[in-house]
Structures are given as structure tokens and as C-alpha cells.
Amino acid sequence: MTGTGDAQHVIRARQEKLRRLQELGVEPYAYRYEPTTSAGAAIRDYEAMAGESSVTSRLAGRVRSLRPHGKTTFVHLEDRTGKVQVYFRQDALGDEGYELIKLLDLGDWIGVEGPMFRTRTGEVTLRADKLELLAKTVRPLPYGKEETSETGEVVQHSGFADLESRYRQRYADLAVHPEVRSLFVTRAQVLREIRSFLDERGFLHVETPILQPIYGGATARPFTTYHRALDAELYLRIADELYLKRLIVGGLERVYEIGQVFRNEGIDRTHNPEFSMLEVYQAYADYHDMMDLTEGLVHHIVQEVKGSSVVEYDGNELDFKPPWPRSTWYEALEKHGSLDAYALDVASLRAAALDAGVEGAEDKGRTALLDGLFKALVEDELTGPVIIYDYPVELSPLAKHKRDGDTSLTERFELFVAGREIANAFSELNDPFEQRERFEAQVRMREEEGWEEAHQVDEDYISALEYGLPPTGGMGLGIDRLVMILTDRSSIRDVILFPTLRSG
RNA sequence: GACCGGGUAGCUCAGCUGGUAGAGCAGCGGACUUUUAAUCCGCAGGUCGUGGGUUCGAGCCCCACCCCGGUCACCA
């Protein structure tokens, strides 16, 4: 087993230090500390003062490096804003105070107090008059060493590179990698910008059930669980959709929800069993309005997070400045697959699918062939951002069909970026009679074709539609995938704090 | 699920055609009052993912399994 497992001799040595600290009357696990500044601010303020150093700073953080030199010791203290060097002298701290320095380890949380100065080598440093231990680290953190070369380049020595350990022990990964902390700061910023954008436009942030008696709103297998007191089987939601539209029926008119949904499917670098979705519903709007909303929202997020509309992802420059290219689903297939799929019969489609290497094409029907062709020929080409709209009806049981009367198509679009679906939206089906038929068609597909991802009939949802759902536009956006784009990560696990792993 | 690669000290890795395991950093002891990969001297640290097998002898070869990563498939 790899990872930060047992390090018994190191842990024992640190526990011995803990005992000695207690003998010295030092509480190794403190209750409180009140810093007056942060590492970043202390350095910035000192530099702004141009060398006058009478101010005493109080700083708290983690011991990131330790360089004892007999009666003096240099430490780098790290907090959420960065690192600052701290200089300890035996004559300043007293013999007893300096004993504490000798018992420090990498990773210990400490508080220090003293004036800032600049060392002979020019580094802004806190000269500590006081030291407080805030929490002892008895298990060694897998710190690598950093060397700053003459060119100012930071070179990492050793380090904590094993991906499995980093995901399983994210606390250690975060502790030793400031850039990982910063990625999750970016993720939080994305969530904040989504909320502020929608709040400003009169959308109401709501919460709907995660435990549901009937799941729906997407095509996916659910996780199943059991409620004792109710003696009932419940499902973890696969989407927020049906509950949010109930709220539109109720007159809330503009709602959104941000939260995790759960899909019982495979795990790979773009799929985690639980992932975060934004869903937005707006009364009186259609999918064209949702295209505008999606463009505006995503552009806003990119602009705020990156300070520009351009994002570099996997070596490509993606520009999110609206308007984005828009093309219909069939046009995209024609452009990238050179197929007039709309006009082709099933036999021709099958031939094309076999040609494109679509697995199982021999047994597939028209819809599945179309879908297979789209995935095989088009998706990878959609570097984006690009909006693909007007999907075949079988793929979209909750979307209204095209208003021009072509009932084989629905008013639905997806946003693609870097070959991946980022958002999915449609003019919501609000006809309760047609909705019942679509559900029943899904059930038939489940029963006749064994399609486990098919929708169930949600009678309560149909009742809600019977009370009247106004024309409504809805949109769902995969937050993890958006964060991947913004942080140039190729694995969804990198943008989820605690990704799902096999219990090993 | 299939295929490929990987799992050796706390971390990062090396380990030849099979001969009972090494380095750097971290750790421990010592020296050192402006260092910054601090340096110098000394020491300790390992069920080699797990279980079988072949062999006089296995980190290395064979089989099964576990976990991770990558690619593909699945996710109509």
C-alpha cells in the first residue's frame, strides 16, 4: 500500500516531543490565537513602509520549513495568503522559550509575534519575540523541498506526487500544495459568481429533495436507499429538474438550485458518481432565452474568474465572448460527419455508423444510430464554446417539440466546450397530456428493450402540470466540468475535494 | 468491462541475466546567533500491494486477486 501510512518511528519521535512539551508546561493543542495580519499582508505592508519597522505583527500558520542554526532558527510560516520567513533568536526568546523551537516540526501550527525586518539576503522576515504552539503535528506531512534557483525559478524536490494518495488523503494534498488550495478557491468563486449573476436577475435560490420516492429529470441509473421509519425505498436524485418545475407551477417563476446529483454509472476522468449541477428555470422563457442566459452566465463567470473572456484549456484558446456559434444538431452532423442524416434511411445510417466504428451499430434503431454517429463524429470536434440545438425527440422526453410542427425534433440545446457537454437546456414540456405519453413511451422502452435508464411515470409531476406550467425555459450546467475548463484540468477528480474511490 | 502501465523506507525514486534491498529528502543525536534545498559528523528506518507457485534461493519468473493511472467501451 502506498500513501502516508504508518511512519511509526517518526510518529513515536514526535509523540516524545509532545511529552517533553507537556513537561515544559506547554499546551500542544491550543484553543485560540488572534493574528493581526497574514503572511501576504505583512510582507506587503512592510514593503510599503519602505523599511520602518516598529510595528509588531501577529501571524499564525503552519511551519513549512525549518532551518536551525544553533542559537538561531529560520522558519517559513505558511498561511492561506502565502509564506513568510520567521527568525528566532535564543537571546530574544530566552532559554526556555527557545527550547520550544527545538521541539518544532514541519507541519506544526504556530503563532508568532514580533517586528518585521529585512535579512542580510533581502528577505522580509518577522523577528519573533513570542512563539505559541497552536497544534502539534505528530504525523509527518509529505512536504517536498523547494529550491529557488538564481533565475527565480522554483524547483520542487521530492514532493507528494502519488495521485491515489492525494485523492484519498486530500487533507495532506491540500496541506502541502498551495496550488490545490487555490484551485478550490477558484471553484468557490465560480459558485459565488453563479449565485450573484442569478440573484441579480431575480432568480430564487431553492433547495429540493435529494431523497426522492421517484427519480427523474435525466436518463441515468439511480442509487437506491431505504428509509426505516417509512419502510420505503428511496432514490438519490439524478437531477433537480422535476421538483424545480413544480416550483414554477407554484408561481415562483424564476428558480435555481446548485447541488450534488448522483448517477450510478461508470467512473472515469469526466464522470464522478456524485457531481454538482446548476439548474435554472425561468417562466415565460423558451430555449432561445436559455441560450442567451447560458452565454451571459458562463461569460460572466469566465470574465470574473480569469479576468478575460479567453481561457486556455489543454493547449487551445477558448473564447467565451458572446455570441457563440450556434448550429443545429443535424447541421453539426452534416458539417463534421458529411452526413445528411435527416434524409437518410435507417440502412444508410447503419452503414455510416459501422463505417464510423459505432459499437453495436448492427442492432441499433434510428435514434441510437443518430446518437452514436453524433458522439463518434461530432463531439470531439466541438472545441467550442458552441451551442448545438434541435435534438431528436426520443432523446428528450421532457422537452417541447419544435413549434414549427416538426414533431421529430425538440427545442433543446447543449453547450459543448472542449468536446464535452457542459450545459443542457430546453423549452420545457408543459402539456400534461403529452408528458404522460412521453413517460409511457419511456416505460415501454424500459419494459421492451430493458432500458434501465428510462424515466418512470411520475404521477405527481403530471398532476403538477395539470395545475398549469407556464411556458418555461430550463437549463442545467455541470459545475465540475466548467471548473475543469477554467482550471485547465483533465480529470474531474482534480476539481472535486473528495472524489469517489474504491475502498482499498 | 477490455487492454496497457504502475504499487519497493514517511515522501520521491533506483534495484543488472533470480543470489536475502539502496539513494536523496524527511526523522533521531551532536556542532553552528542573518539562514533559505543551510552546512558538517554520526545513527536509525523495509510484512518489496496481497495470497499461492517454480527454484537450493524470488523485489525480479509464473498464476490469482486488490488498488491506482492511462486508453477504449459503457453513460442510447
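Rules behind the numbers
- The written sequence of each chain sets the order in which its residues are numbered from 1.
- By the order in which they are written, chains take letters starting at A while ligands take numbers starting at 1.
- A pLDDT threshold of at least 70 governs which residues receive local features in this predicted model, and a stricter bar of 80 or more applies before side-chain atom pairs are shown or counted, although totals over entire chains, interfaces and linings include all residues.
- With hydrogens and water excluded, all non-hydrogen atoms of the structure serve as input to the side-chain values.
- Working definition: a ring pair exists when centres of Phe, Tyr or Trp rings (six-membered ring for Trp) sit within 6.5 Å. Plane angles under 30 degrees give stacked, over 60 give edge-to-face, the rest tilted.
- The helix count covers DSSP runs of H or I at least four residues long, the strand count covers runs of E at least two residues long, and both are numbered beginning at the N terminus.
- Exposed residues in this analysis have more than 50% of their type's maximum accessible area, buried residues have under 20%, and partly exposed residues fall in between, with area computed by a 1.4 Å probe over protein chains only.
- Any two strands between which DSSP finds at least two bridges are classified as paired.
- Contact between two residues is taken to exist if any of their heavy atoms lie within 4.5 Å; hydrogens are not considered.
- In this analysis, axes come from line fits to C-alpha atoms, helices being fitted only over the stretch in contact, and the angle between any two N-to-C directions falls in the range 0 to 180 degrees.
- Only residues above 30% relative accessible area that lack a salt bridge enter a patch, with like-charged residues linked at up to 9 Å and the nonpolar side chains Val, Leu, Ile, Met, Phe, Trp and Tyr linked at up to 5 Å.
- Reported accessibility uses the Shrake-Rupley method at a 1.4 Å probe radius. Residues are deemed covered only where the shown protein chains occlude them.
- One speaks of a salt bridge when a side-chain nitrogen belonging to Lys or Arg is within 4 Å of a carboxyl oxygen belonging to Asp or Glu.
- Those domain boundaries reflect an automatic or database domain assignment.
- Residues counted as positive are Lys and Arg, residues counted as negative are Asp and Glu, and His and the chain ends are not counted.
- By convention, the point assigned to a charge is CZ for Arg, NZ for Lys, CD for Glu and CG for Asp.
- As a per-residue measure, pLDDT reflects the predictor's confidence and takes values from 0 up to 100.

### Points about the packing of aromatic side chains
Summed over all chains, the structure comprises 11 aromatic pairs. Seen from their ring centres, Tyr287 and Tyr389 are 6.5 Å apart, and the 70° between their planes marks the pair as edge-to-face. One end of the pair, Tyr287, is in helix H8 (residues 287-306); the other, Tyr389, is in strand E18 (residues 386-392), and 102 residues separate them in sequence. Arranged with centres 6.1 Å apart and planes meeting at 55°, the rings of Trp329 and Tyr391 form a pair that is tilted. With Trp329 in helix H9 (residues 329-337) and Tyr391 in strand E18, this pair connects stretches of sequence that are 62 residues apart. Among the residues examined, Trp329 registers a relative accessible area of 1% and is labelled buried. Residue Tyr391 is classed as buried on the basis of its relative accessible area, which comes to 3%.

### Quick notes on the sheet that holds strand E21 (residues 472-478)
The eight strands are arranged E9-E13-E14-E21-E20-E19-E18-E17 in an open sheet whose pairing can be described as mixed. The sheet is open, and its two borders are formed by strand E9 (204-205) and strand E17 (326-328), each paired with just one other strand. Inspection of the sheet shows strand E19 (residues 409-417) paired to strand E20 (residues 420-427) by six bridges, in the antiparallel sense. Within the sheet, the bridge partner assigned to Leu415 lies in E20 and is Ala423. Contacting strand E13 (254-262), strand E14 (274-283), E19, E20 and E21, helix H14 (residues 479-487) crosses the sheet at an angle of about 55° to E21.

### Some points on the sheet that holds strand E12 (residues 232-236)
Note: strands within a sheet are paired through backbone hydrogen bonds, in either parallel or antiparallel orientation. The strand order across the open sheet built from three strands is E10-E12-E11, with neighbouring strands paired in antiparallel fashion. The two strands at the open ends of the sheet, each matched to only one other strand, are strand E10 (211-212) and strand E11 (224-227). Strand direction decides the pairing type here: E11 and E12, joined by four bridges, are antiparallel. The residue of E12 that forms the bridge with Tyr226 is Glu233.

### Overview of the pairing of E12
Inspection of the sheet shows E10 paired to E12 by two bridges, in the antiparallel sense. Paired with Leu211 across the bridge in E12 is Leu236. Where E11 folds back onto E12 in an antiparallel hairpin, the turn is made up of four residues, including Asp231, whose phi is positive at roughly 50°.

### Things to note about a nonpolar patch on the surface
A cluster of nonpolar side chains, contributed by Tyr171, Leu497 and Phe498, occupies part of the molecular surface with about 340 Å² of accessible area. Along the chain, Tyr171 turns up in helix H5 (residues 170-176).

### What about the domain arrangement of chain A?
Domain parsing of chain A yields domain 1 (4-140) and domain 2 (179-325 + 384-495). Summarising the inter-unit geometry, the C-alpha centres of domain 1 and domain 2 are found 48 Å apart.

### Looking at a negative patch on the surface
A contiguous patch of negative charge on the surface is contributed by Glu312, Asp314, Glu317, Asp319 and Asp488. For Asp319, a relative accessible area of 38% gives the class partly exposed.

### A few points about the confidence of the model for chain A
With 94% of its residues at a pLDDT of at least 70, chain A reaches an overall mean of 88. Counting contacts from residues 1-5, a segment whose pLDDT is below 50, to residues more than four positions away or on other chains yields 11 contacts. Both scores are available for the predicted complex, with the pTM at 0.91 and the ipTM at 0.89.

### Thoughts on the pairing of E20
With respect to burial, E20 is a largely interior element, six of its eight residues being buried. Where E19 folds back onto E20 in an antiparallel hairpin, the turn is made up of two residues, including Ala418, whose phi is positive at roughly 55°.

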